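# Chain and residue survey
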Amino acid sequence: MTPKHWEQQGSKRKASPDSQNEYEDEFRLTNLEILSEEDNQAASSDDRWIDELPDINSSFGDEKTDDEQSQIDSVEGASEDENENGSDQENTIFPSIKTVVSDITGQFKQVLPEIEPEYDSDSSIEDDPNCVGNIPLHWYDDLPHIGYNIDGKQILRAARGDELDRFLATVDDPLTWTSAFDKNAQMDKSLTAEELDIIRRLHENENPDANYDPYQPTVEWFTGKGKEEIMPLSGAPEPKRRWVPSSWEKQKVLRIVRAIRQGRILPSKPKTTTKFEFYSIWSEPASSVAAPLPAPKLKLPTHSESYNPPEEYLPTKQERKEWAKMDPEDREQDYLPQKYSSLRLVPAYDQFTKERFNRQLDLYLAPRVHRVKLNIDPNSLIPKLPSPSSLKPFPTYMALKVNQSIHHIRCISISPDGCWAISGDEDGFISLWEVNIGREIKQWKFGGKIGALDWCPRVDVSFFVVCIEGILFFIIPPNLPNSIFSSTYALLAPAASSPAPPTSSPVQWESTSPDSWSPNKPILTVKLPSSSGVPNQIAWHRRGDYLATVAREGTQSGVWIHQVTRRHSQAPFRKLKGTVQLVLFHPLKPHLFVATQQYVRLYNLSEQKLVKTFMPGIRWISSMDVHPSGDHLIVGGYDRKLCWFDLELSEKPYKILRYHTKAIRSLHFHPTYPLFASSSDDGSIQVFHSRVYSDLMTDPLIVPLKILRGHEIRDGLGVLQVRWNSRQPWLLSAGADGTISVWCS
Amino acid sequence: MRTLWLSPVLLVWEETLEIEYIESVLPPQKLSEFPHDDWVSSISCQIPGLFLTTSYDGILRIFNHSRQLISSTRLHTAPITSLSCYLPSSTPKTTTTDDNQTYTLATASHDLTCLLTRLTISQNAHLEDVDEDSAMDGSLEGGSSGGLATTTKSRVTPLAALHLHIAPLSSVASNDDGTKLITAAWDGLVGVWDTRVPEEHEVGDVRGNIRNRVGDGQRSRKRRKVVEEEEEEEEEEGEGEGVLVGVKGVKRKVPEVVMKSHTGRVSRAVFGSSISGGRGERGKAYSCGFDSTVRVWDVENGLCVHTITASEKPFTALALPTEVTALALSTDRTMMLYDLRVSTTSAVVPAAAFPHAALPSCNTTGTGGNQVITGAYDGIVRVWDLRSVKSALASFDAFGSMEKKGTRPVGKKVLGVDWNAERGVVGIGGEGGFVVWSFKEGFGAN
């Protein structure tokens, strides 16, 4: 597009209202010319435009006439359109070709009419009156030019006057109030007469189209000859079959009705008479059966299951070995974390086949191998015992150690008041010493191994009995108060010798005469029959009148019961199966416990019959003691076993304790405290708490308290005898290493 | 002690801290050693210049500081367990010269009696040859061997035998002015005696004793014949066998008061504010026993006015560090400090409990009331400050006989300690004889 073109357009509009305005048009054009002189090229284009200007002016006048003509045509064409079909051929799109005779050749030639751009040019050109192209003009708002022409030159913005000019224009120019600035054209444009007419129509609420004729004549489209409708609607009546019932349908229905009547077709199933009964699920009591548990959710995979776990999740070699060693069911996790540097190095799942197989087994309801596993906390198997610290007092430490002899000390005994102790070694020495300080006060020497010694349990007299081979010596300790001494002396060496019992007894009782007696000598001597051996045990009756001696190695029956007051001895058993190891008097009843190698028998002495036989299951009984209440018995054996018998309960042991590593040598119940001790060849003494309840339903409570070590093992022998101090929870022990220890609480 | 504190915000305030500390004392040093044939059961360092020891062979020995045996007297035929010596104020001095000093000793023995003995010490600078006739019948006299510039001559005269107990005596003690004696024995009795020597026998003679007869060669055994009947009939059964064969001047004596409340062996009985027992309240007597009790007695009435019952703590020794506290040693290897003011009805809570490594046997207190020396069966003598409960201040091996045997130290037992705090001398008797250590009492300051 060129400026010439839009100038043509603009001039056309201005020229249209009135011919008087032609001056102004001229003036404007000169203005434009002046403006464009700033650029040479623009000037050249202007020059060209000036050349063609007269043509345009001429065409301008033609056009105007054409418009008027066409206007008249359109008005008249409505009435006579049918007639003008032929004339329409002339107004076709393509212009008619004129045939003229060429001036040069003299031949006919076809000449096409000149192209008028107003009508034949491309419509797209018309849409864009601006010569700078279809560019948003606001791009150039701030620039002095408004775009570029086809040659790439800047098109400068047209100069506009200032406010004063504009004011003057409003005064001078009557058209100013109907003009507006057109950005595309970069100039003020006054509204054309048509536009004003449109505005006016809109203002008067009329159709803005100037050509609209509200009073057009009626067009008869379907009336008249040749214009009537032939096809569109039918007036034919509906066929009969549309409203007469169908006979074949009737037959079909009849057939169905017949079948229903005959019962061949059940029209509908008999409805269940009982309606569905609603009930409240909440009103019922909750069932005792627990609701089925929902299936456990799978754990989320952890870091250790990653193909590339952090280093701290990787098992060490040791852990790996342990894991492999464990049973698959015991494993905490069924995989080992492994590290792969990349995902493509991860091998296939090695357990895949096995898991599929197990799944098949599950589906087949085949039981997998179920290993019965007993999970018992070992701590729960330990019986609930009170802690030893709550069972004080009991001996805990060695308070004294008295080196008595270089030989084994076989026997020890404590006086009933708990102040003095006597001990005898294998060389025949007996020493009397103070328990609390350990000072030896007196010593006696006998020719032969001391088999046993024991203090008389009576309080009103004070003496003790010592056994060597075949002989029993009765000895009075020194430093006795006069009353006790005299009664003891009177008991053991009565002035008027009692009438001698029937002399059938082979045991001879001999009192030392007062003339020859000194504290260093025994006051009474009981001679057992020859070849009766060394008595190994002295058992006093509680009242201190009877004492029993047992000699294990004797050829004859080794058991003798001596009565001190009557100075009489008797052998209670005429014939015995097995050698008697130990005897014990029952503390309350006239019963006697007799232990052979494997059995303990309880005899009633007054009725002269066997009461019970206890079977401890020990191969060789070494020691025995009876509880002060008389209802319980402990038996120790050389085969390390210690059996506790409840005499009322059973002939089998109530409890078997096997805590020593070597043969048990001695047992002793504390007379007053709930304690007993056992000594063994392993050099240790074990102290037990043994509470016996008067309630028959409650079992005795046996609690191991303390292992006392301190004796040395010599010649395979450890602690040979233990005895309790009757007043205090103190224990005295005689060891094969020739020492005696006092253990205090 | 005052301390100034400077805080970050420049506020200065003062705080007073009470700091109790114990002055460090010189470690104990062994001064001298007096070997004995038998175990030494009790000692006394209270007589200046002399050491008295009693032994299990029944002999009282007197040493001077130059380690010389001045006198050796067999007072009892049975072991002597305890010794107490005091200055008798009631008895007039028998000698006129100022050199002679007279003391009275009381020895308790296993032979069920306690013997009062007068000890006369005369220092003769000019006498060079003193005959030593300790075996003389009647009054026994001992003296140091001659050849010294100053000769100490001592005379031991048995005065009276105290007859009460029917079991071996465990201790004897006197009050501070020497007018009363208190004896404790295994039979649970506590006897209080005055020190007056009676003119006549107060209980019957015991000539019918078998041992007397055997010793005298008499062949006939007679029942005991009571020569004189005295006032206390029930005391008669308390009399024991005769002592001190052939001692003519010994009068038999009965106690003033018999205090009978202990159920077990009484191991120690002392008077309040006496020389050997430490402090305590005047007019009161204190005893402890194997029945786990500490008892306070009103001496005048013979009543037990206060009992502290511990649980399973047979007490072996007792000392009174202050007027209101008692320190008792127990066989469960503890030393308990009891406040005697606490009423009996409330639960007995010891003021302090000191763990003792071995079985303690004897104790003695210093004059300061805070320091205590104890001896034990492991042969180690420990010095305690009663304000520091945790451990002993010092401990030393008394006889140097410590031998490690296995895991357990087996030393020679210490059976008696006596601390003369003024002279800083600790006498220790026991299985290993008699040794003297020097130990000055350190006085703690507040």
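Residue positions are given per chain, counted from 1 along the sequence in the order it is written. Written order determines the labels here, with chains lettered from A and ligands numbered from 1. Under the rules for a predicted model, residues below a pLDDT of 70 receive no local features and side-chain atom pairs below 80 are neither given nor counted, while totals for whole chains, interfaces and linings still include all residues. Derived side-chain values reflect all non-hydrogen atoms in the structure, with water molecules and hydrogen atoms excluded from consideration.

By the naming in an unreviewed UniProt entry, chain B is Ribosome biogenesis protein YTM1, taken from Amanita thiersii Skay4041.

An unreviewed UniProt entry annotates chain A as Ribosome biogenesis protein ERB1 of Amanita thiersii Skay4041. UniProt, in the comment section headed Function (unreviewed entry), describes chain A in these words: "Component of the NOP7 complex, which is required for maturation of the 25S and 5.8S ribosomal RNAs and formation of the 60S ribosome." UniProt positions are given in the numbering used here, feature names are shortened, and annotations may be inferred rather than shown by experiment.

As a further point, take the overall build of chain A. The way it works is that DSSP assigns letters per residue, a run of H or I at least four long becomes a helix, a run of E at least two long becomes a strand, and they are numbered from the N terminus. The secondary structure content of chain A amounts to 13 helices and 35 strands. For each residue, the accessible area found with a 1.4 Å probe, counting protein chains only, is set against the maximum for its type, and the residue is called buried under 20%, exposed over 50%, and partly exposed in between. Put simply, chain A has 745 residues, and 36% of those count as buried. Should any heavy atoms of two residues lie within 4.5 Å, those residues are counted as being in contact. Sequence-distant contacts, at least 24 apart, represent 48% of the contacts inside chain A between residues at least 6 apart. Every accessible area reported is derived by Shrake-Rupley at a probe size of 1.4 Å, with residue values counting cover from the shown protein chains alone. Within the structure as shown, chain A displays about 48200 Å² of accessible surface, and the carbon and sulfur contribution to it stands at 55%.

Nonpolar side chains (Val, Leu, Ile, Met, Phe, Trp, Tyr) within 5 Å and like charges within 9 Å form the patches, drawn only from residues with over 30% relative accessible area and no salt bridge. The term salt bridge refers to a pairing of a side-chain nitrogen on Lys or Arg with a carboxyl oxygen on Asp or Glu at a separation within 4 Å. A cluster of nonpolar residues, A:L164, A:F167, A:L168 and A:V171, forms a patch on the protein surface that exposes about 400 Å² of accessible area. Within the fold, A:F167 resides in helix α7 (residues 163–172).

Our focus in this paragraph is the pattern of salt bridges. Taken as a whole and assessed by the stated rule, the structure comprises 21 salt bridges over all chains. Here A:R439 ties to B:D38 by a salt bridge, and the two come within 2.1 Å at their closest N and O atoms. Note that A:R439 is positioned in the loop between β10 (429–434) and β11 (440–445) and B:D38 in the loop between β3 (29–34) and β4 (40–44), a pairing that runs across two chains. As a salt-bridge pair, A:K527 and A:E510 come within 3.9 Å of each other at their nearest N and O atoms.

What follows is about empty space enclosed by the protein. Residues and elements named next belong to chain B. The pocket and cavity definitions rest on a 1 Å grid over protein atoms only: a 1.4 Å probe that fits but cannot leave marks a cavity, an open set with protein on both sides within 12 Å along at least five of seven lines marks a pocket, and residues lining either have an atom within 4 Å of a point. Grid points are joined across faces, edges and corners, and a volume is the space filled by probe spheres set on the points. Per the counting criterion, the structure on display carries five cavities of 30 Å³ or more. For the lining of the largest cavity, the elements supplying multiple residues, two or more each, are β4, β8 (80–86), β13 (169–174), β18 (266–271), β22 (315–319), β26 (360–365) and β32 (414–420). Lys, Arg, Asp and Glu make up the charged group, whereas Ala, Val, Leu, Ile, Met, Phe, Trp, Tyr, Cys and Pro make up the nonpolar group; the residues left over, Gly among them, are polar. When grouped by side-chain class, the residues that make up the lining of the largest cavity number 15 nonpolar, 17 polar and four charged.

What follows covers the interface of chain A and chain B. Listed as interface residues are 34 residues of chain A and, on the opposing side, 33 residues of chain B. Throughout, buried area stands for the accessible area (probe radius 1.4 Å) lost by two parts on being put together, summed over both. Of all residues in chain A, the largest losses of buried area upon contact with chain B belong to A:R439, A:N479 and A:N482, amounting jointly to 20% of the total for that side. Taken together, chain A and chain B are joined by one salt bridge. For this analysis, a polar contact is any N or O atom pair within 3.5 Å, provided that within protein one partner can donate a hydrogen and the other can accept it, and provided that sequence-adjacent residues contribute only side-chain to side-chain pairs. If you look at where chain A meets chain B, you find five residue pairs in polar contact (both at pLDDT 80 or more). Of all the elements in the fold, those that place two or more residues in the side of chain A that touches chain B are β7 (397–403) and α13 (482–492) of chain A. Looking at the side of chain A that touches chain B, the element that brings in the most residues is β7(A), giving five residues. Split by residue class, the side of chain A that touches chain B holds 19 nonpolar, ten polar and five charged.

So, about the packing of aromatic side chains. The description of two aromatic rings rests on the distance between their centres and on the angle between their planes. Classification of ring pairs rests on two measures: the distance between centres of Phe, Tyr or Trp rings, Trp counted by its six-membered ring, which must be within 6.5 Å, and the angle between planes, read as stacked under 30 degrees, edge-to-face over 60 and tilted in between. Per the stated rule, a full pass over the model turns up 27 aromatic pairs over all chains. Here the aromatic rings of B:F34 and B:F434 are separated by 5.1 Å at their centres, their planes lie at 25°, and the arrangement is stacked. Taken together, the positions of B:F34 in strand β3 and B:F434 in strand β34 (residues 433–438) put the pair 400 residues apart, joining distant regions of the chain. Overall, the relative accessible area of 2% leaves B:F34 in the buried class. Among the aromatic residues, ring-to-ring pairing joins A:W644, A:Y659, A:F669, A:F676 and A:F688 into one connected group. Whether a charge lies above a ring is judged from NZ of Lys or CZ of Arg, which has to be within 6 Å of the ring centre and within 35 degrees of the ring normal. It is A:R331 that lies over the ring of A:W323; its NZ or CZ is 3.8 Å from the centre. Sitting over the face of the ring of A:F429, A:K445 holds its NZ or CZ atom 5.1 Å from the ring centroid.

All names here are of chain B. With respect to the helices, strands and loops of the structure, N175 is situated in the loop between β13 and β14 (180–185). Within the structure, the side chain of N175 is placed 3.0 Å from the side chain of T179, a separation counted as a polar contact. A polar side-chain atom of N175 sits 3.1 Å from the main-chain amide nitrogen of K180.

Residues and elements named next belong to chain B. Mapped onto this structure's residue numbering, the UniProt feature "repeat: WD" (unreviewed entry) falls at residues 162–203, 287–307 and 369–394. Within residues 287–307, the helical portion is 0% and the strand portion 67%, while the C-alpha atoms at the span's ends are 10 Å from each other. Strand forms 50% of residues 369–394 and helix 0%; the C-alpha atoms that close the span are 17 Å apart.

In this section: a positive patch on the surface. Residues and elements named next belong to chain A. None of His or the chain ends enter the tally, which takes Lys and Arg as positive and Asp and Glu as negative. Charged groups are reduced to one reference atom each: NZ for lysine, CZ for arginine, CG for aspartic acid, CD for glutamic acid. Side chains of K252, R255, R258 and R264 sit close together on the surface and give a patch of like positive charge. Note on placement: R255 falls in helix α9 (residues 247–262). Take R255: its relative accessible area is 51%, and that puts it in the exposed class.

The subject of this paragraph is the sheet that holds strand β33 (residues 425–430) of chain B. Residues and elements named next belong to chain B. Pairing between strands is defined by DSSP: at least two bridges between them are needed. In spatial order, the strands read β3-β34-β33-β32; together these four strands make up an open sheet with antiparallel pairing. Each edge of the open sheet is held by one strand with a lone partner, namely β3 and β32. Put simply, the sheet's adjacent strands are angled 20° from each other on average, direction ignored. Pairing analysis gives six bridges linking β32 to β33, with the strands arranged antiparallel. In the sheet register, V414 faces β33, and the bridge partner there is G430. For helices, the axis comes from a line fit to the C-alpha atoms of the stretch in contact; other axes are also lines fit to C-alpha atoms, and the angle between any two N-to-C directions lies between 0 and 180 degrees.

This next bit is on helix α11 (residues 352–363) of chain A. Its twelve residues give α11(A) an end-to-end C-alpha distance of 16 Å, which sits within 8% of 16 Å, the value for a rise of 1.5 Å per residue. The positive-phi residue at the C-terminal boundary of α11(A) is A:L365, with phi of around 60°. Here the expected span of a helix is defined as 1.5 Å times the quantity of residues minus one.

The feature "repeat: WD" (unreviewed entry), as given by UniProt, occupies residues 402–443, 657–698 and 719–745 of chain A in the numbering adopted here. Across residues 719–745 of chain A one finds 0% helix and 63% strand; the C-alpha atoms that close the span lie 19 Å apart.

Before going further, it helps to examine the environment of B:T334. All names here are of chain B. Position of T334 relative to the elements: it lies in strand β24 (residues 334–339). For T334, a relative accessible area of 15% gives the class buried. C-alpha of T334 to C-alpha of A358: the two residues are 24 residues apart in sequence and 8.7 Å apart in space. Ignoring sequence-local partners within four residues, the contact set of T334 consists of K313, A328, L329, F354, H356 and P360. Separated by 2.8 Å, the side chains of T334 and D332 make a polar contact.

With that settled, consider the pairing of strand β20 (residues 293–298) of chain B. Put simply, side chains in a regular strand alternate between the two faces of the sheet. Residues and elements named next belong to chain B. Burial of β20 is extensive: five of the six residues sit out of reach of the surface. Inspection of the sheet shows strand β19 (residues 284–289) paired to β20 by five bridges, in the antiparallel sense. Following the sheet pairing, K284 is matched in β20 by D298. Counting the residues in the hairpin turn of β19 and β20 gives three residues, including S292, whose phi is positive at 65°.

Residue and element names in this part refer to chain A. Taken in spatial order, the four strands of this open sheet run β21-β22-β23-β24, and their pairing is antiparallel. Each edge of the sheet is formed by a strand with only one pairing partner; in this case those strands are β21 (582–585) and β24 (609–614). Neighbour-to-neighbour, the strand axes of the sheet open up by a mean angle of 20°, direction not taken into account. Inspection of the sheet shows β21 paired to strand β22 (residues 591–595) by four bridges, in the antiparallel sense. Paired with L584 across the two strands is F593, which belongs to β22.

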